[in-house]
Structures are given as C-alpha cells and as structure tokens.
Amino acid sequence: MPFNGEKQCVGEDQPSDSDSSRFSESMASLSDYECSRQSFTSDSSSKSSSPASTSPPRVVTFDEVMATARNLSNLTLAHEIAVNENFQLKQEALPENSLAGRVKHIVHQAFWDVLDSELNADPPEFEHAIKLFEEIREILLSFLTPGGNRLRNQICEVLDTDLIRQQAEHSAVDIQGLANYVISTMGKLCAPVRDNDIRELKATGNIVEVLRQIFHVLDLMHMDMANFTIMSLRPHLQRQLVEYERTKFQEILEETPSALDQTTEWIKESVNEELFSLSESALTPGAENTSKPSLSPTLVLNNSYLKLLQWDYQKKELPETLMTDGARLQELTEKLNQLKIIACLSLITNNMVGAITGGLPELASRLTRISAVLLEGMNKETFNLKEVLNSIGVQTCVEVNKTLMERGLPTLNAEIQANLIGQFSSIEEEDNPIWSLIDKRIKLYMRSLLCLPSPQKCMPPMPGGLAVIQQELEALGSQYANIVNLNKQVYGPFYANILRKLLFNEEAMGKVDASPPTN
C-alpha cells in the first residue's frame, strides 16, 4: 500500500539518468531519451492522452458531461478512502445563526409541538406517533445483517403498525413501552461510542423528547454504519486502487479529450526549463560541444513534481492527474514553507550568537518551539509575516539574554540585537540569500527522494543547516514521496505518452526553447 509511512533511503551519490529513468511499475515502458527513436515514438499508452490535436473540437453532450462528473466523483472518493486513514463521513451541522439553521429549527420544533399536542389531547391522537414508529422499524431493520432473522422477526412483531393502530382504537396502546423497546434494540445494534447516548435516552421522561432523540441517535448510527463499511472496504480498495483509478481516468479521458491539457502544460514547463538550462550550459565558455542536447524523461517528470512544492494553489490550477491529492499537496507545501522559515531563523541565530549559545541545546529547542507557534497560520492572507518575524527576533533576544543572565554571562548588546532582528525581518524579502540557500538544500533533499527506486527503508542524508527541522522534514518528505510514487503508478502511461510527444517533437523540429522559463 503506498501510504504506509515507510521511510526511504538514498545513497550519497545521485543516480545517473539511465538509472533514474526507471519509473515505478507502471512507468517501466518509458526509457531515457537516449534510447532509440522508434521505441520513444511508439503509441503504447492511452490513445486519448496526446498533448495536442489538430482535430476540430468535438461537441460534448450533457450525458457525457454527467458521466464524466460521476467518474470523477467516484475516482476522487475512492482515492480519498484508500489513502486517507482518517477519512470519515460526518454530519454537516448548519450554523446556528444562519437562515437555513433557523428555518430547520422552526420547522422541526413545529412538528414536535404538534405531536406533543396530539398525544396530550383528550382523547389522544396516535396516528403521527404510529407513523414515526413505522419509520423507526424500517431504520432498525436496515441495520440488521442478512442472518439476523430472529431479531428481524421480533422487531416486526413488536412494531407491527396494524396491531398498534388496533390498540390505539381501543385506547390500549403503550407508546412509552414501544419507545423503551426501541431504545433497548438500539442499544444492541449501536457501536460502543453510542452507549452514552442510549443511557441518556433511557433517562429522558418526556415521550415526545424521547422520540425526537431516538431519531437523532438513529442518524448517528447510520453514520457509524457508513464509516464502518468504509473501514471494511479500505483494504480491498487499497489493493485495487492503481488499476481502478487508471481505468476511471481513462473513461474520463474518453468522454473529455481535453482532460490532460493542464497536465501537458505542467510537464511542458519542465521540458522548457531543462532545455533552457542545457542551452545555457552549451554556451558556457569551456563547455564541451555536444552534438545535441538530450533530456531524461524521469528528470523532467521529477522536476515537474518538485514544482508542486512551490505551487500557488490559490491562483494556479493543478494538473488534472493530481486533483485528487490537491488538498494534501497544498497542506504539505504550507508546512514546508513554515519549516523553511524556521531553518532560516535557526541558521541566522547560529551565525550571529552561536559562539555564545553553542553549548545550550535546550535554548535552541525553546527558540524553535517559539518560532513554530508564532508562525502558525502563516499562509492566511491576513497574516503579516514581516511583523511576526520581527516579533520572533525580539523574543529570541529576550530568551537568549535570559539564558545568559542565568549563567552569569554578559547579555547581547543593542547592536547585535538590532542586527539579529533586522536579519530575521529580511527573510521575507525577495532573493534573500539565507532563504535561497535553505530553499536550495530542501529541493536537493526532496529531489533525492524522487530519484530512488521504491521501496526503501531509510531516508537520505540531511543537507547541512537543516538539522533543526530534520524530524519534521523527514516525515513531510516521506508523505511527499508516497504521494508522488502512487501518482506515478496510476498515471505513468499517460505521462509516458505526453513525454514522448513533447520530447520527440523538440528533436524533430530541431528547436530549443531558449527563452527563460516562466513560473
């Protein structure tokens, strides 16, 4: 199963293009660009995944749109259930002060008020109560397994609405007794987490409130049953996930031929960047004049995945093949940005006052915790990063001075403190050298993860300057590698076909896009 949290390992030496060109199992058909042109231009993957087409646009019918929507919905749900161990269905509660919430409360309250007045009338009117017990009976029966015949017969016998109506006509019906039986049966069928709710039902005296709460607890039991079913299906879905997702996406592609347009552009950006880099290298004085620049498809695809770590998820649309992991990738990117800043702050602190605080590991841990707390929510639009960085600088000076005073050492002078706070505040500035250095090292670390054949059991060595975030970065890197590896397995054939078209076209035209790549 891809998302099992296993760590991965890489050696100190980076593998060559030919070694790193081995994709995961589904990418095995794609070799390096240095291979023969015939194998690279063969059309072995999905016929509809061509990045460009000269055919006129096809009219899409409403039924085709709905079929695509259903396939996409099923694909997304299956992916989420399989990869997210914490996935659960939850009841959506309307906000109390919302119009919909107020209307719902008023309508429900009116219904139960009418029922209360009917049961307290002289003589009592039981018809609405009988209909509620009929609905309760059907709900209880829906919880039973096919082998629960004894309890099924008992429920049908006790909650026989024809018999209850006859009893009501002769004023012999026991509504409270029926409610007690329902509560007892619910106690047998519910999950242990609902035991407290059952006890509260038994302690409720008002029959109308009892019926009201019975329906509430039955709704919760429905949700418990659905989540139990999801948990039971997860292992089976995980075993079939790759084939299922690939099949569903192929169905989407057949209904919507443009379903790979964003993915093609995403990969094309990396192709142009690599070609631009190779063209610059060729123009460098002293560089060997090779006959023709060549690209490794694996290198291009890995660079495409690395671009996701700096993606603007608010303004830029994700590739279609990564839509199902969009929320996870966005959360991962936001955490990574926070870790980058913490690493920058630690590096600046060590450079400025490391000689003074070098033997105080508890101080470094305390400063890291303070930074992490103050940087919470840094990806929100209302977050003022410069102001927070300034506050972290001030707090760092306070903590360092406090530690020095406790040990009888002289505190930091005003110039050092001002310099430290200023360097902290400048991290957010464009082309900040500290930020660029940390960003480059984190990219190197993430790239090393992607260059590995799977599976592996240990993480690659941590680049210098990242020790302060090593534990968090390893966990984040493992999650990132799992997302990428599963994505390669599912969509490898589609990527292979796109790369064939893009790289072969570049060679056939004899052109290199030497313009600087746009982000």
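Residues numbered from 1 in each chain as written. Predicted model: local features only at pLDDT ≥ 70, side-chain atom pairs only at ≥ 80, totals over all residues. Heavy atoms only, no water.

With 21 residues, helix α4 (residues 99-119) extends 31 Å between its outermost C-alpha atoms, agreeing within 8% with the 30 Å of an ideal straight helix rising 1.5 Å per residue. Looking only at α4, the buried set comprises Gly-101, Trp-112, Leu-115, Glu-118 and Leu-119. The buried residues of α4 occupy an angular sector of 135 degrees when the element is viewed end-on, so they sit on one face. In α4, the exposed positions that point more than 90 degrees away from the buried face belong to Leu-99, Ile-106 and Val-107. Buried residues belonging to α4 abut α5 (127-142) and α10 (207-255). (Helix = DSSP H or I, 4+ residues; strand = E, 2+ residues; numbered from the N terminus. Expected span 1.5 Å × (residues − 1). Buried < 20%, exposed > 50% of the residue type's maximum accessible area, 1.4 Å probe, protein only. Arc of directions from axis to C-beta. Contact = heavy atoms within 4.5 Å.)

Before going further, it helps to examine the packing of aromatic side chains. As enumerated under the stated definition, the model contains 9 aromatic pairs in all. Centre to centre, the rings of Phe-111 and Trp-112 are 5.0 Å apart; their planes meet at 85 degrees, and the pair counts as edge-to-face. On the basis of an interplanar angle of 50 degrees and a centroid distance of 6.2 Å, the ring pair of Tyr-491 and Phe-494 is categorised as tilted. One end of the pair, Tyr-491, and the other, Phe-494, are both in helix α18 (residues 470-509), 3 residues apart, so they sit about a helical turn from each other. On the accessibility criterion, Tyr-491 (2% relative accessible area) is buried. (Phe/Tyr/Trp six-rings, centres within 6.5 Å; stacked < 30°, edge-to-face > 60°.)

Let's shift gears to the pattern of salt bridges. Pairs can form between side chains of opposite charge whenever their charged atoms are close. This structure, assessed with the given rule, holds 15 salt bridges. Glu-127 is the salt-bridge partner of Arg-165, the closest N and O atoms lying 3.0 Å from each other. Of the two residues, Arg-165 is situated in helix α7 (residues 161-169) and Glu-127 in helix α5; the sequence distance between them amounts to 38 residues. For Arg-165, a relative accessible area of 26% puts it in the partly exposed group. Close ionic contact of Lys-335 with Glu-331 constitutes a salt bridge, the shortest N to O distance being 3.4 Å. In this pair, Lys-335 and Glu-331 are both assigned in helix α13 (residues 326-357), 4 residues apart and thus about one turn of the helix distant. (Salt bridge = Lys/Arg side-chain N within 4 Å of Asp/Glu carboxyl O.)

The next point concerns the nonpolar core. Core analysis: the largest hydrophobic core is formed by 77 residues, its most contacted members being Trp-266, Ile-267, Tyr-305, Leu-308, Met-446, Leu-473 and Tyr-480. If you count residues domain by domain, this core takes at least three from each of domain 1 (62-256) and domain 2 (302-503). Not counting the four nearest positions on each side in its chain, Ile-267 is found in contact with Val-300, Leu-301, Ser-304, Tyr-495, Ile-498, Leu-499 and Leu-502. Judged by nonpolar contacts, the second largest core, of 38 residues, contains Phe-126, Leu-132, Ile-164 and Ile-214. (Core = buried A, V, L, I, M, F, W, Y, C linked by side-chain atoms within 4.5 Å. Domains from an automatic or database assignment.)

This part takes up a nonpolar patch on the surface. A contiguous nonpolar patch, built from Leu-99, Val-103 and Val-107 and spanning about 280 Å² of accessible area, is present on the exposed surface. Residue placement: Leu-99 occurs in helix α4. (Patch = residues over 30% accessible without salt bridge, like charges linked within 9 Å, V, L, I, M, F, W, Y side chains within 5 Å. Areas by Shrake-Rupley, 256 points an atom, 1.4 Å probe, with all protein chains shown as cover.)

Following both chains from N to C, one finds helix α9 (residues 195-203) and α10 inclined at 170 degrees, their axes separated by 10 Å at the closest point. As judged from the angle between their axes, α9 and α10 are roughly antiparallel. Facing Asp-197, Ile-198 and Leu-201 of α9, the residues of α10 in contact are Val-210, Gln-213, Ile-214, Val-217 and Leu-220. The residue inventory of the contact of α9 with α10, partitioned by class, reads 6 nonpolar, 1 polar and 1 charged. (Axes fitted to C-alpha atoms, helices over the stretch in contact; angles between N-to-C directions. Parallel < 35°, antiparallel > 145°, perpendicular 65-115°, else oblique. Nonpolar A, V, L, I, M, F, W, Y, C, P; charged D, E, K, R; others polar.)

This part covers unusual backbone geometry. Excluding glycine, a negative phi dihedral is what most residues carry, and trans is how most peptide bonds are arranged. Note that the residue after Asp-122, namely Pro-123, is joined by a cis bond; omega there is 0 degrees. Residue position: Pro-123 is located in the loop between α4 and α5. With phi around 55 degrees, Ser-171 is a residue other than glycine that occupies positive phi space. Relative to the elements of secondary structure, Ser-171 occurs in the loop between α7 and α8 (175-189). Here Asp-431, not a glycine, exhibits a phi torsion of approximately 60 degrees, which is positive.

Counted at 1.5 Å a residue, the expected span for α8 with its 15 residues is 21 Å, and the 21 Å between its end C-alpha atoms agrees. Taken as a whole, α8 has its buried residues at Ile-175, Leu-178, Ala-179, Tyr-181, Val-182, Ile-183, Thr-185 and Met-186. Contacts made by the buried residues of α8 are with α5, α6 (149-158), α7, α9 and α10.

What follows covers the side chain of Glu-399. If you trace the backbone, Glu-399 turns up in helix α15 (residues 385-406). On the accessibility criterion, Glu-399 (10% relative accessible area) is buried. Apart from residues lying up to four places away in sequence, Glu-399 is in contact with Leu-363, Arg-366, Leu-367 and Ile-370.

Below, the discussion takes up the confidence of the model for the protein. Taken residue by residue, the protein gives an average pLDDT of 79. The fraction at 70 or more is 79%. Every residue in residues 1-55 scores below 50 in pLDDT, and together they form 126 contacts with partners more than four places removed in sequence or on other chains. Every residue in residues 507-519 is under pLDDT 50, and counting partners more than four places away or in other chains gives 19 contacts. (pLDDT = per-residue confidence, 0-100.)

What follows concerns empty space enclosed by the protein. Where empty space is left can be seen by rolling a probe of water-molecule size over the atoms. Per the counting criterion, the structure on display carries 1 cavity of 30 Å³ or more. Taken as a whole, the largest cavity spans an internal volume of roughly 40 Å³. Forming the boundary of the largest cavity are Leu-306, Leu-309, Gln-310, Leu-336, Lys-340, Asp-439, Ile-442 and Lys-443. Of all the elements in the fold, those that place two or more residues in the lining of the largest cavity are α13 and α17 (433-450). Ranked by the residues each element gives to the lining of the largest cavity, the list is headed by α17, at 3 residues. (1 Å grid on protein atoms, 1.4 Å probe; cavity = no way out; pocket = protein on both sides within 12 Å on 5 of 7 lines; lining within 4 Å. Points joined across faces, edges and corners; volume = space filled by probe spheres on them.)

Moving on: the layout of surface pockets. Computed from the structure, the largest pocket encloses a volume of approximately 910 Å³. Lining the largest pocket are 26 residues, with Gln-310, Trp-311, Asn-337, Asn-379 and Trp-435 positioned closest to its centre. Going through the elements one at a time, α13 and α17 are the ones with two or more residues in the lining of the largest pocket. The element contributing the most residues to the lining of the largest pocket is α13, with 6 residues. Tallied by class, the residues present in the lining of the largest pocket amount to 9 nonpolar, 7 polar and 10 charged. Computed from the structure, the second largest pocket encloses a volume of approximately 640 Å³. If you go around the second largest pocket, you meet 17 residues; those closest to its centre are Lys-104, His-108, Arg-212, His-216 and Asp-219. Taken together, the elements giving at least two residues each to the lining of the second largest pocket come down to α4, α5 and α10. Residues that form the lining of the second largest pocket fall into these classes: 5 nonpolar, 6 polar and 6 charged.

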